[in-house]
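Per-entry structural report
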Amino acid sequence: MRQFTAVVNPTAGGSAGAAALLAVARPLREAGAELETEYSRSLAHAQELARQAGERGRVVLAVGGDGIAGGIGGALSGTGALLGLVPAGRGNDFARALGLPSDPDALARVLLRGEPRLVDTIEVRSAFHDRTVVLGSVYAGVDAVANRHANHARLLRGTASYYAGGLRAVTTWRAARYRVTVDGEEHTHTGYTVVAANSGYYGSGRIIAPDARVDDGLLDVVLISAAPRWLFFALMNELKSGAHVHRPQVRILRGREIRIEADREVPYGADGEVEAVLPVTARVLPGALSVLC
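All values derive from a computational prediction rather than experimental measurement. (Residues numbered from 1 in each chain as written. Predicted model: local features only at pLDDT ≥ 70, side-chain atom pairs only at ≥ 80, totals over all residues. Heavy atoms only, no water.)

Okay, the packing of helix α2 (residues 43–55) against helix α3 (residues 66–76) next. Relative to each other, α2 and α3 sit at 45°, their axes nearing to 9 Å. Considered as vectors, α2 and α3 are oriented oblique to each other. The crossing of α2 and α3 is right-handed. Across from Leu-43, Ala-46, Gln-47, Ala-50 and Arg-51 in α2, the residues of α3 making contact are Gly-67, Ile-68, Gly-71, Ile-72, Ala-75 and Leu-76. Across the contact of α2 with α3, the residue classes tally to seven nonpolar, three polar and one charged. (Axes fitted to C-alpha atoms, helices over the stretch in contact; angles between N-to-C directions. Helix = DSSP H or I, 4+ residues; strand = E, 2+ residues; numbered from the N terminus. Parallel < 35°, antiparallel > 145°, perpendicular 65-115°, else oblique. Left-handed = near helix turned anticlockwise from the far one by under 90°. Contact = heavy atoms within 4.5 Å. Nonpolar A, V, L, I, M, F, W, Y, C, P; charged D, E, K, R; others polar.)

Okay, structure coming up:
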């Protein structure tokens with residue numbers, strides 16, 4: 001029987017982290033599994049708790065949103081420790097990419113009997129930020145600004161906070177000139193954003209990279225070019241289905257290492273947590289993390 005250590009972000013989605021764990025804990029314990037709970041004071045503290053639990057051979061449960069999932073997943077990347085996710089945040093995009101159920105009983109069955117799956121992670125390096133490892137994506141441009149607004153939203157939650165943040169960001173955005181280097185090949189780009197995606201989802205269920213796979217050893221690089229604001233809003237709406245990829249303003253590249261630079265201090269983010277400015281380098285780490293799904 002698996003032994004679990006749950007690392008909870010008590011602020012994810014308000015108090016949703018503790019509530020989500022409580023719902024999953026009952027069927028886990030009824031099945032005879034051992035479950036201990038650790039409450040984190042910060043993302044760095046959550047990562048340290050996760051490493052310690054992994055070193056003891058326990059399954060680490062990241063309880064919260066994409067920030068804590070990416071932070072803990074990154075901390076366990078390359079260690080051989082086994083990760084489980086209990087989604088309880090605004091976006092839960094990596095859990096969505098893994099196809100995890102939202103029903104607590106069904107999720108408990110995955111955690112108890114699911115097979116470990118090796119997935120890729122992303123090493124992120126920047127002159128302005130320490131090396132970090134994340135799970136979902138690195139995005140540089142208007143979406144990083146939008147995510148910052150969403151993270152600080154007090155009245156809106158989930159998808160609504162991302163749409164409101166996107167509206168606020170787009171109204172003040174001016175196109176940036178990027179230099180994007182994919183596996184040594186340089187591409188120029190002028191527009192709204194560059195996204196290096198391991199997972200197809202970001203921004204609370206938006207399908208930014210429909211063909212991205214978490215275990216193919218590659219990152220899908222999505223470039224959205226300059227366009228009238230009305231067209232960009234139409235494009236944002238198409239992110240619900242992934243239909244935006246058919247627009248001429250959208251270009252998709254694929255590679256293992258991506259460096260993103262710009263003509264000004266363009267902000268970038270990663271898994272909803274890392275906030276810094278370009279340049280940044282994202283490199284895929286194939287099969288570096290074992291996840292229950």
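Right, let's get into the packing of aromatic side chains. Pairs of aromatic rings are described using the distance from one ring centre to the other and the angle between the two planes. In the structure shown here, the tally under the stated rule is two aromatic pairs. Geometrically, the ring pair formed by Tyr-139 and Tyr-202 is edge-to-face, given 5.8 Å between the ring centres and 70° between the ring planes. Of the two residues, Tyr-139 is situated in strand β7 (residues 137–141) and Tyr-202 in strand β10 (residues 201–202); the sequence distance between them amounts to 63 residues. Here Tyr-139 and Tyr-202 have matching classes, each one buried. Geometrically, the ring pair formed by Tyr-192 and Phe-232 is stacked, given 3.9 Å between the ring centres and 15° between the ring planes. Here Tyr-192 is found in strand β9 (residues 185–197), whereas its partner Phe-232 is found in helix α8 (residues 229–238), with 40 residues between them in sequence. For the residue pair Tyr-192 and Phe-232, the accessibility class agrees, reading buried in each case. Over the ring of Tyr-201 we find Arg-96, and its NZ or CZ is 5.8 Å from the ring centre. (Phe/Tyr/Trp six-rings, centres within 6.5 Å; stacked < 30°, edge-to-face > 60°. Buried < 20%, exposed > 50% of the residue type's maximum accessible area, 1.4 Å probe, protein only. Lys NZ or Arg CZ within 6 Å of the ring centre and 35° of its normal.)

Okay, the pattern of salt bridges next. Across all of its chains, the model carries 18 salt bridges by this definition. Here Asp-93 ties to Arg-96 by a salt bridge, and the two come within 2.6 Å at their closest N and O atoms. Highlighted residues: Asp-93 and Arg-96, both in helix α4 (residues 93–97), separated by three residues, approximately one helical turn. Here Arg-96 falls in the partly exposed class, since its relative accessible area comes to 36%. Where salt bridges share partners, they join Glu-34, Glu-36, Arg-56 and Arg-58 into one cluster. (Salt bridge = Lys/Arg side-chain N within 4 Å of Asp/Glu carboxyl O.)

A cis amide bond links Leu-278 to the next residue, Pro-279, at an omega of 10°. In this structure, Pro-279 sits in the loop between β16 (274–277) and β17 (280–292). Its identity as a non-glycine residue notwithstanding, Asn-92 has a phi of 55°, on the positive side. With respect to the secondary-structure elements, Asn-92 resides in the loop between β4 (82–87) and α4. Asn-92 gets classed as buried once you look at its relative accessible area, which sits at 19%. Positive phi, close to 65°, is recorded for Ser-204, a residue that is not glycine.

Moving on: the side chain of His-45. With respect to the helices and strands, His-45 occurs in helix α2. Those residues in contact with His-45 that lie beyond four places of it in its chain are Tyr-39 and Ser-40.

With that out of the way, let us pick up the environment of Val-124. Within the secondary structure, Val-124 sits in strand β5 (residues 116–126). Residue classification places Val-124 among the buried positions, given a relative accessible area of 1%. Look past the residues within four positions of Val-124 in its chain and what remains in contact with it is Asp-130, Arg-131, Thr-132, Val-134, Val-138, Tyr-268, Val-280 and Thr-281.

Judged by nonpolar contacts, the single largest core of 47 residues is most densely connected at Val-138 and Tyr-178. Contact partners of Val-138, with chain neighbours within four places excluded, come to Ile-122, Val-124, Val-194, Val-195, Ala-196, Tyr-268, Gly-269, Ala-270, Val-280 and Ala-282. Ranked by size, the runner-up nonpolar core spans 45 residues in total, among them Ile-72, Ala-108, Leu-111 and Leu-112. (Core = buried A, V, L, I, M, F, W, Y, C linked by side-chain atoms within 4.5 Å.)

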